[in-house]
Amino acid sequence: MWDDSFPSFLIGLREGLEAGLIVSVLVATLVRAGARSRLAQVWTGVLAAIALSMSFGAVLTFTAASLSTTAQEAFGGALSIVAVAFVTAMVFWMRRSARSLAGEIREKVTEALTMGAGVLVLTSFLAVGREGLETALFLWTTARAADESAGPLAGAGVGLVLAALLCWGLYRRVLRIDLTRFFTVTGAVLVVIAAGVLGYGLRDLQEGWALPGGTAFAFDLSGSVDAGSWYSTLLQGVLNLTPAMTWLQVAGYVGYLAVVMPLFVRGARGVRGARGTTTPTPSANPRSDRATGQAATRRLLLPVAVVAVPALLAGLVVALAHPKPAAGQTVAVSETDCGQGFTAPKPGRQDFRMHNTGNQTSEVYLIDPSSNAVYGEIEGLAPGTTRDLVATVAGGTYAWRCVPADGKAVTSKAVRVAGAAGVHAVVPVTERDLIAPLTAYKAYVNRGLSTLVTQTRQLNDDIRAGHLDTARTDWLTAHRTYASLGAAYGTFEDFDQKINGRPDGLPGGVHDQGFTGFHRIEYGLWHGQSAAQLKGVTQKLAVDVAGLRKAFPHQEFDPSDLPLRAHEILENTLQFELTGDTDQGSGTGLATADANLAGTRELLTVLHPLLTARAPRLLPTVDAAIARLQRLLDSAHHGNHWTPVDRLDPAAKARIDGATGQLLEDLSPVPDLLEIRKSA
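Residues numbered from 1 in each chain as written. Predicted model: local features only at pLDDT ≥ 70, side-chain atom pairs only at ≥ 80, totals over all residues. Heavy atoms only, no water.

### Considering a nonpolar patch on the surface
Here's step 1: Judged by side-chain polarity, Leu47, Ile50 and Met54 come together as a nonpolar surface patch covering roughly 310 Å² of accessible area.
Here's step 2: With respect to the helices and strands, Met54 occurs in helix H2 (residues 39–65). (Patch = residues over 30% accessible without salt bridge, like charges linked within 9 Å, V, L, I, M, F, W, Y side chains within 5 Å. Areas by Shrake-Rupley, 256 points an atom, 1.4 Å probe, with all protein chains shown as cover. Salt bridge = Lys/Arg side-chain N within 4 Å of Asp/Glu carboxyl O. Helix = DSSP H or I, 4+ residues; strand = E, 2+ residues; numbered from the N terminus.)

### Looking at the pattern of salt bridges
Two side chains of opposite charge can pair, provided their charged atoms sit close to one another.
Here's step 1: Scanning the entire structure with this criterion turns up seven salt bridges.
Here's step 2: In this structure, Arg472 and Asp469 form a salt bridge, with 2.7 Å as the shortest nitrogen-oxygen distance. With a gap of three residues between them, Arg472 and Asp469 both fall in helix H13 (residues 468–483), about one helical turn apart.
Here's step 3: Here Arg472 falls in the partly exposed class, since its relative accessible area comes to 24%.
Here's step 4: Look at the salt bridges and you will find they share partners, linking Arg502, Asp504 and Asp581 into a network. (Buried < 20%, exposed > 50% of the residue type's maximum accessible area, 1.4 Å probe, protein only.)

### Quick notes on the pairing of strand E6 (residues 362–368)
Here's step 1: Most of E6 is tucked away, with seven of its seven residues classed as buried.
Here's step 2: Side chains Ser362, Val364, Leu366 and Asp368 of E6 all project onto a buried face; the interleaved residues Glu363, Tyr365 and Ile367 project onto the opposite face, where all are buried too.

### Re the packing of aromatic side chains
Here's step 1: Counting across every chain of the model gives eleven aromatic pairs.
Here's step 2: Seen from their ring centres, Tyr375 and Tyr398 are 4.8 Å apart, and the 45° between their planes marks the pair as tilted. Residue Tyr375 is found in strand E7 (residues 373–381), and its partner Tyr398 is found in strand E9 (residues 396–404); the two are separated by 23 residues along the sequence.
Here's step 3: Tyr398 gets classed as buried once you look at its relative accessible area, which sits at 1%.
Here's step 4: Look at Trp475 and Trp526: their rings are 5.4 Å apart centre to centre, the planes differ by 70°, and that puts the pair in the edge-to-face class. Of this pair, Trp475 sits in helix H13 while Trp526 sits in the loop between helix H15 (518–525) and helix H16 (531–551), and the two are 51 residues apart along the sequence.
Here's step 5: Here Trp526 falls in the partly exposed class, since its relative accessible area comes to 28%.
Here's step 6: Put simply, the rings of Trp475, Tyr482, Phe492, Phe518, Trp526 and Phe552 pair up and form one aromatic cluster.
Here's step 7: When the ring centre of Trp526 is taken as origin, the NZ or CZ atom of Arg472, which lies over that ring, is 6.0 Å away. (Phe/Tyr/Trp six-rings, centres within 6.5 Å; stacked < 30°, edge-to-face > 60°. Lys NZ or Arg CZ within 6 Å of the ring centre and 35° of its normal.)

### Examining the nonpolar core
Proteins that are soluble and globular tend to have nonpolar side chains buried together.
Here's step 1: Among the nonpolar cores identified, the biggest contains 68 residues, and Leu590, Leu611 and Leu663 are the most heavily contacted of them.
Here's step 2: No other element matches the ten residues that helix H18 (residues 589–614) contributes to this core.
Here's step 3: Apart from the residues lying within four places of it in its own chain, the contact partners of Leu590 are Leu578, Leu633, Ala636, Trp642, Thr643, Val645, Leu648 and Ile656.
Here's step 4: Formed by 24 residues, the second largest nonpolar core is a distinct cluster that contains Phe92, Val191, Tyr256 and Met261. (Core = buried A, V, L, I, M, F, W, Y, C linked by side-chain atoms within 4.5 Å. Contact = heavy atoms within 4.5 Å.)

Structure (structure tokens):
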């Protein structure tokens, strides 16, 4: 995307041009001094700088990947702040140095020519390396802001190629560019972009809980601004301005611009009147240089070393960031003995090889035996198989728990790891923990079914009396009641297909005898069918609903369905209601989506105590996402009328889809947090 590419394109162009100008001056000075034999030393330094920059980017990527989600946010936010500092310093330095850059570089080359080969290598390495490190850091931060899309890298690549072409043109004297004006204009644009990176970094630090105010929004325009529109993506991609920003983000963004931009503009005016100085072309002894160059060429070890060392150092850092013991522990598990071979590991990231020596498939957990909190798990470890379990270990007590498919749980002896605590573990949920939420939710469903029985009887009476207009209103009321009972879908058994089935897959489609329930009545009411044609269908619906009301208290309700449904209800909403797939003519998909959201809210209410104890920061985020989606749905509700999905403005449709997708992402940890893990 162009919006993601532009900031990186600009930084690639600027930094590439800076580095290219330095290299061009180095090369031109050596050529004019008759020291072509020493060009290899310049290119060695350039290659070493490139290797260092790429290695630095790899270290940033793999270091972040080894951190928890919260730590990644804090790490990325901190580096965004550092990147802003570097970019700010760079634009001010280049604004001052554009005119005198060539003279300074020539002076350094003159000094290097009188010394050994290593000095010229170091000169080019330092000159190019600084630009490379700044580029790597800025690219890393912009790639994170773009959700790791290919846009930033593509933009930077185009910018670097264009910079190389411009430098070649300047070197060959086929181009003339006012470098002072170029660096002033692009510097001003980069100041604005850096303000956005600063705001993004501050938000990351808030999400990583390194800074307060993560829920204190200065504004939230997500209900009225389409996050998927071209202007929204442009503002977010180029300037990192989002529809919702916290007070700290706004203060950082505005404060940075208010301070830095006036200083930059004032300094740029002063530079226009300044004159640069030039340094005479250095003289040298060509014969001596040639001998030195030949000797340097024979010593290929230097170029190879300076290019390889950064990569080797980066590999070492990555290896340390992802410690994996050369002889990682092999831990044997079985239905009678769990954790054989387990000894106290060192703190850090550990890779345990779990080998099932028994005759039964087992669940395997790395736990804190004092609280039963789970640090890592393997589900379904078959007999005779070996699988890796990777977990981060800190100070604390650890043990293995093996739960065979047919037998009692076995727990290994506990080991103590010295050091500070700091690893988050998930406190397991038992069926007993879910009894109270399940009881509360069953009561909610029972009340809803009682209401639904009354509503479907009224709908049946409407049809029998031939009041089709009233029937359309009462149909929607009853259907929304049923849709709000979403978590119970898995326990309604065959009743759900009878009451709310779709014609998909039926041989006769909407005319198939097996097509019954709400959607069959919807099709008839909005396709001109008479009351006589619908009388049998509505009567059957009332009978089926009454049957469900009677059967539900005796149906089995798996407790693990509760946390699963917290995510699945809105998954179905996004797949069916928001695509119009279930619409049989009424255009009320958004009304059903609204009822589904109400059902999700009820689920989270009964699960609130369990979620708060395990992830206290999750529910405030989810509540904010629910409120955002609710506002968007309300905007499509006008009295008794709901805007049909296929008649939504594309921008409004994109906003609703985006808000639903974001809420689904926020809800995704719920099933894992509240998963029932076997303990016996």
